[in-house]
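# Tertiary structure, described
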Amino acid sequence: MKKQQPKKGQYGYRDYHKKIEFLKIFIGFLFIGVLLCARLAVSQQAWKNILTVSAILTVLPTANLASPFLASLPYRTPKEDFYQALKPYEKQMAVLYDLILTTKDFVLPMDGILVHPTGVYGYCINRKIQVSKAESFLNELFQAHRLDPHVKILTDEKMFFKRAASLKPAREYEDDGSVEYTVTLLKNLSM
């Protein structure tokens, strides 16, 4: 039986995504190398120019793939223990794993995000971020998308799980569709 690839927001996505992106970047650089070697093999100037321009035009998409890849390189999928500890909360609320939210100022590697009718609670493994500024940016973004601006970023795993344990099941709240919309927005923000 073939193992299914994790989708954005599922456990294991971060490592899987990095492997796929690395493969794309490798193919891009390989293609550039082939074009440059072919340039050396041809004798007509017109073909040399065409191959040179083709190689140059291939560099930009490859660099566009490499930039987010390099930003995500230090962040791996969390250990299986983290997943097993967070998995029971999936019955009570929407839970996202392995997202790396990117803004113009921040790279926020979120190992787990709880999307609840009372707010969004994310566990960010980058302890060097300015939490208040990142929360402020995300709250403004949520407000621009007509969502309640209740985003809380936690950099302490114990506090994250304590917060998860304190939340009542989402089914006890009225469903206005904002939880699903929030999940979609967070997946779209992630690389």
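That block above? That's the structure.
Report follows, based on the coordinates.

### Points about the overall build of the protein chain
Secondary structure assignment for the protein chain yields 6 helices and 4 strands. Helices (α) and strands (β) of the protein chain occur, in sequence order from the N terminus, as α-α-α-β-β-β-α-β-α-α. Relative to the 2.2 N^0.38 estimate, which gives 16 Å for 191 residues, the radius of gyration of the protein chain is 21 Å and therefore markedly larger than a compact globule would have. In terms of overall dimensions, the protein chain has a C-alpha envelope of 75 × 40 × 30 Å along the principal axes. A total of 191 residues make up the protein chain; the buried ones form 41% of that total. By sequence separation, contacts in the protein chain at least 24 residues apart represent 66% of the contacts at least 6 residues apart. Total accessible area computed for the protein chain in this model is approximately 11,900 Å², and 58% of it derives from carbon and sulfur atoms. For the protein chain, the centre of its 26 positive side-chain charges and the centre of its 18 negative side-chain charges are spaced 8 Å apart.

The rules behind the values
Residues numbered from 1 in each chain as written. Predicted model: local features only at pLDDT ≥ 70, side-chain atom pairs only at ≥ 80, totals over all residues. Heavy atoms only, no water. Helix = DSSP H or I, 4+ residues; strand = E, 2+ residues; numbered from the N terminus. Rg over C-alpha atoms; globule rule 2.2 N^0.38 Å. Buried < 20%, exposed > 50% of the residue type's maximum accessible area, 1.4 Å probe, protein only. Contact = heavy atoms within 4.5 Å. Areas by Shrake-Rupley, 256 points an atom, 1.4 Å probe, with all protein chains shown as cover. Lys, Arg positive; Asp, Glu negative; His and termini not counted. Charge placed at Lys NZ, Arg CZ, Asp CG, Glu CD.

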